[in-house]
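# Inside the fold
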Amino acid sequence: MDFLSIILDILLSAAFWTAVLRIATPYVLGTLGELVCERAGVLNLGIEGIMTLGAMAGWMAVYQGADLWTGVLVAAACGALLGLLHAALTVPLGLSQHVTGIGVTLLGTSLSYFVYRLVLPQASTPPTIVPFQPLDLPGAFAQTPLTYLALALVGVVAYALYRTPVGLAVRMVGEHPAAAEAQGLNVTAIRIGAVMAGSALMGLAGAFLTLSAFNAFFFNMVNGRGWICIALVVFASWRPGKALLGALLFALFDALQLRLQQASGGVLPYQLFLMMPYLLSILALVLVARRASYPRALMIPYRKGER
Amino acid sequence: MSSPTTGGPEVVLRLAGISKRFGPLLANDAISLTLRAGEVLALLGENGAGKTTLMNILFGHYVADEGTIEAFGRPLPPGSPRAALAAGIGMVHQHFTLADNLSVLDNIAVGTESLWRLRSDRGGARRRLLDLSQRFGLAVRPDALVGDLSVGERQRVEILKALYRDARILILDEPTAVLTPQESAGLFDTLRRLTADGLAVVFISHKMNEVFAASDTVAVLRAGRLVATHPTASTDRAKLAELMVGRSVKPPAPAPLSPGEPVLELAGVTVASGHARPLLDAVDLTVRRHQVIGVAGVSGNGQSALAELVSGLIRPDAGQVSLKGSVVHHADPADMVRRGVARIPEDRHSAGLVGAMAVWENLIAERYRDPAFSRFGVLRRDAARAHARRVIEEFDVRCPGPDARTQLLSGGNMQKLILGRTLAYGPDLILASQPTRGLDIGAVSYVHSRLLDARAAGAGVLLISEDLDEILALADCVTVAYHGRLTPLLPHDRVSVSQLGLLMAGHWDILRDILPETPRENGNAA
Ligand SMILES: Nc1ncnc2c1ncn2[C@@H]1O[C@H](COP(=O)(O)OP(=O)(O)OP(=O)(O)O)[C@@H](O)[C@H]1O
Ligand SMILES: [Mg+2]
């Protein structure tokens, strides 16, 4: 079979598109979360750790007997808490957002493993829960509720950013905090709030992994998805609609490489396929994001009354 | 209008004993002021006298160390712009506080609604904005991005921001520093309408003619102290100048000198670079030694392109540039500096100085490769610091020392620093763009006299300015920029301010009256 007809076969199968949407979901949620933080002017490199904590905490809650939706809430709340830590250090104290973010990632990741081991000291095979089941819909629509929640949140975040007073305030503090203050806004409070909200979304992204995509928590589960979200935000030029597009595109490449790996039957080294989504993302970034206009005050701490 | 207790219009604002320190510096020293409804108070003072600091305290950006503020009879909580806005105080900052990436409407409406409304009332906001804009003659486009607006339009947006919130006290911090004369006239028209409405205005300015045209009362700050408050009508220019500076200020007069050989020659220079209309269109210009050539014109008529061309930032698409008789090919800024061009850039914050770097670093920024300042790729810091101390001393730059970060300097002192960097090496050509924008009268006359000293020492000066008084006071010959073209050189004693105004508006037919011998084909603007 020649290459083109293999690709065509893959693209025409419903199972492929089911996979694309499923793979895209954590990217959609994570990218939205990062986007909300950055729109307020705060880079959140804690995303990887926040997703890990969300994955662990959501799963742990369900494992301890809570229902699935409670698990989702627990994950969001834990995300928001780590977000609060990041915000507390970077907004009122004005510490380096890069360094703090990496610290939050290290903390979130190791805290998750620590708590997991504390509760389950001798589990050798990861214990499982009963995760969200796909809805009974035809073809690619057979997704779990969390995927639909993610898609709905794209609309909610877009609406909030562009149509509500609080969204305008968030964009203003990310563009020109001094101007926001001169309009009577509390820059510190708005930035902290935005970082917490964004981090809650990252927590959800993590929860999707353990409560929907899989049924267990294991080490290195997030596996760099957070870092991809950071790039997707740039790709999306800080717009929710484009963030969805970017997440879908990345998921498409990822699903495609999985299938091509199988179809190639080991002729080519599989690492080559693993590279594909990343290479294509870099290419897409180069093409799309060159002219991206980022929030002007991104990564610049604001201190009242300073020249 | 008049209240029974005071006899005059109601007192709307009362500052009592305001003091503010920045480290060892006493920026405001027990200042007390009152403002009445409908009154326009002009706040004067040298650069660094503490005017902006006082207004920032009033608006809640800074918290005073001592003193109280009362607006409309009620004490104003310190340190809260929100409270100031609620009390009816609006402020137009010295440097615009607008987000470039947001629309005019967004910039104005942000923070005016309760944050937790589920939907912004954009329709209502737009109607209110358009209504205000009509009522006060402040034309704006609600959906334009602020980044795309001219300075004049941004200024209008800033004022509308305050009016949108029903400001009853309006603070304007150097509102005209970056406006063209026409735009300033428009602003003062607006102010008259506002005060007729009972609004009280505090405005800060270094321009005496504005103070006398627009204010009822003047207050003068010197080194953080309020040294005088007078009704404007009972004082005069010289008296105010003396109060501000502490000595009398005499504008320097250029000594007659005969021009020497050419230092800068532009022949048929065109700069198009992809624009629909060329930025410079077949421009001829000669600047000679011992000569100041003034370029007048409304900004945006090719002045920035001219300045960038002479500083080597852009290259001509046609025609040639010569310096001291030799043609310049493939110019770049470093090359131009080596050839003896010194520049005073238009915007000292973005193109003149690096705010986060020290005074000494900024002073050698154009010459750090000079063997005097570096050897084998290593900076000679002691030599550079010693040089900085000499410049600070000679140009009277008030700053803590060579190691101070430049962003802590006041505007006037930043300009003196640039002047020191520019003049320290005896340049052949000085490119001065708006060299006195935002400076106090003492600093203005200082800058002028240094430029004239350089002229006497043999430099040619290309002075680009929107201030016609400045041009007529300094220039030997004037040219007017309009749509990328320059008029022939006009001797300064043959043109009047009103003729320059007409030329700036494109009525080049009057050139025939000024220069009867001008050939017909040069006499019309494109
Ligand atoms: N946030 C700050 N930190 C340290 N020093 C400051 C700060 N703000 C102002 N200053 C200093 O206080 C003094 C007064 O500054 P201010 O800006 O009020 O002057 P100004 O009268 O507005 O001058 P200009 O005419 O140049 O605008 C200056 O010496 C300035 O360097
Ligand atoms: Mg000031």
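Computed from a predicted structure; not experimentally measured.

All names here are of chain B. Looking at the magnesium ion (ligand 2), the protein donor atoms are Thr52 (OG1) and Gln94 (OE1), and they sit 1.9 to 2.2 Å from it. Remark: Gln94 occurs in the loop between β6 (89-92) and α3 (104-109) and Thr52 occurs in helix α1 (residues 51-59); sequence separation between them is 42 residues. What makes Gln94 partly exposed here is its relative accessible area of 31%.

To continue, consider the packing of helix α11 (residues 240-264) of chain A against helix α12 (residues 270-288) of chain A. All names here are of chain A. At their nearest, the axes of α11 and α12 sit 9 Å apart, and the two run at 160 degrees to each other. As summarised for this structure, α11 and α12 are arranged roughly antiparallel, according to the angle between their axes. You can see that α11 and α12 cross each other, and the crossing is right-handed. Of α12, the residues touching α11 (which contributes Phe250, Phe253, Asp254, Leu256, Gln257, Leu260, Gln261 and Ser264) are Tyr270, Phe273, Leu274, Met276, Pro277, Tyr278, Leu280 and Ser281. Here the residues of the contact of α11 with α12 are counted per class, giving 11 nonpolar, four polar and one charged.

Moving on to the side chain of His93 of chain B. As for its placement among the helices and strands, His93 of chain B is situated in the loop between β6 and α3. Looking at His93 of chain B, the relative accessible area reads 9%, which means it is buried. At 2.8 Å, the side chain of His93 of chain B and the side chain of His61 of chain B are in polar contact. Of the polar contacts made by the side chain of His93 of chain B, one reaches the side chain of Thr97 of chain B; its length is 3.4 Å. With near-sequence residues (within four places) excluded, His93 of chain B lies in contact with Ala182 of chain A together with Asn56, Phe59, His61 and Asp173 of chain B.

Let's shift gears to the pairing of strand β2 (residues 25-36) of chain B. Residue and element names in this part refer to chain B. Examined bridge by bridge, strand β1 (residues 11-22) and β2 share eight bridges and lie antiparallel to one another. By the bridge assignment for β2, Arg14 is matched with Thr34. Counting the residues between successive antiparallel strands, the hairpin from β1 to β2 contains two residues, one of them, Gly23, with a positive phi of roughly 55 degrees.

The next subject is the confidence of the model for chain A. Averaged over all residues, the pLDDT of chain A is 92; the fraction at 70 or higher stands at 99%. In the model of chain A, α12 of chain A stands out as the element of lowest mean pLDDT, 81, in contrast to helix α4 (residues 68-90) of chain A, which has the highest, 98.

In this section: the environment of Arg259 of chain A. Residue and element names in this part refer to chain A. Note on placement: Arg259 falls in helix α11. Residues Arg259 and Pro301, spaced 42 residues apart in sequence, show a C-alpha to C-alpha distance of 45 Å. Discounting chain neighbours no more than four positions away, the residues touching Arg259 are Ile10, Ala15, Phe16 and Ala19.

Attention shifts here to unusual backbone geometry. Residues and elements named next belong to chain B. At Lys324, a residue that is not glycine, the phi angle is positive and equals roughly 45 degrees. Residue position: Lys324 is located in the loop between β14 (318-323) and β15 (326-327). Residue classification places Lys324 among the partly exposed residues on the basis of a relative accessible area of 41%.

Residues and elements named next belong to chain B. Empty space within the second largest pocket amounts to approximately 1300 Å³. Around the second largest pocket, the lining is made up of 47 residues, and of these Lys207, Met208, Asn209, Asp467 and Asp469 lie nearest the centre. Of all the secondary structure elements, the ones that give two or more residues to the lining of the second largest pocket are α6 (181-196), α7 (208-214), α8 (237-245), α15 (441-456) and α16 (468-474). Each residue belonging to the lining of the second largest pocket can be placed in one class, and the counts come to 23 nonpolar, 13 polar and 11 charged. Each of domain 1 (38-61 + 80-245) and domain 2 (252-340 + 426-526) gives at least three residues to the lining of the second largest pocket.

Okay, α12 of chain A next. Residue and element names in this part refer to chain A. For α12, built from 19 residues, the straight-helix expectation of 27 Å at 1.5 Å per residue is met to within 8% by its first-to-last C-alpha distance of 28 Å. By the burial criterion, the buried members of α12 are Phe273, Met276, Pro277, Ser281 and Ala284. Looking at the buried residues of α12, the elements they touch are α10 (225-235) and α11.

Each aromatic ring pair is characterised by the separation of its centres together with the angle its planes make. Enumeration over the complete set of coordinates arrives at 13 aromatic pairs over all chains. Between Tyr27 of chain A and Phe250 of chain A, the ring centres sit 4.9 Å apart and the planes meet at 70 degrees, which makes this aromatic pair edge-to-face. On the criterion of sequence distance, the pair formed by Tyr27 of chain A in helix α2 (residues 14-39) and Phe250 of chain A in helix α11 is long-range, its members being 223 residues apart. Across this residue pair, the class does not change: Tyr27 of chain A and Phe250 of chain A are buried. Arranged with centres 5.2 Å apart and planes meeting at 55 degrees, the rings of Tyr116 of chain A and Phe217 of chain A form a pair that is tilted. Of this pair, Tyr116 of chain A sits in helix α5 (residues 97-119) while Phe217 of chain A sits in the loop between α9 (187-213) and α10; the two residues are 101 residues apart in sequence, bridging distant segments of the chain. Here the two residues Tyr116 of chain A and Phe217 of chain A agree in accessibility, since each one is buried. Across from the ring centre of Tyr164 of chain B, 5.0 Å away, lies the NZ or CZ of Arg128 of chain B, which sits over that ring.

Calculation rules
- Residues numbered from 1 in each chain as written.
- Chains lettered and ligands numbered in written order.
- Predicted model: local features only at pLDDT ≥ 70, side-chain atom pairs only at ≥ 80, totals over all residues.
- Heavy atoms only, no water.
- Donors = N, O, S within 2.8 Å, 3.2 Å for Na, K, Ca; no water.
- Helix = DSSP H or I, 4+ residues; strand = E, 2+ residues; numbered from the N terminus.
- Buried < 20%, exposed > 50% of the residue type's maximum accessible area, 1.4 Å probe, protein only.
- Axes fitted to C-alpha atoms, helices over the stretch in contact; angles between N-to-C directions.
- Parallel < 35°, antiparallel > 145°, perpendicular 65-115°, else oblique.
- Left-handed = near helix turned anticlockwise from the far one by under 90°.
- Contact = heavy atoms within 4.5 Å.
- Nonpolar A, V, L, I, M, F, W, Y, C, P; charged D, E, K, R; others polar.
- Polar contact = N/O pair within 3.5 Å; in protein donor to acceptor, adjacent residues only side chain to side chain.
- Pairing = 2+ DSSP bridges.
- pLDDT = per-residue confidence, 0-100.
- 1 Å grid on protein atoms, 1.4 Å probe; cavity = no way out; pocket = protein on both sides within 12 Å on 5 of 7 lines; lining within 4 Å.
- Points joined across faces, edges and corners; volume = space filled by probe spheres on them.
- Domains from an automatic or database assignment.
- Expected span 1.5 Å × (residues − 1).
- Phe/Tyr/Trp six-rings, centres within 6.5 Å; stacked < 30°, edge-to-face > 60°.
- Lys NZ or Arg CZ within 6 Å of the ring centre and 35° of its normal.

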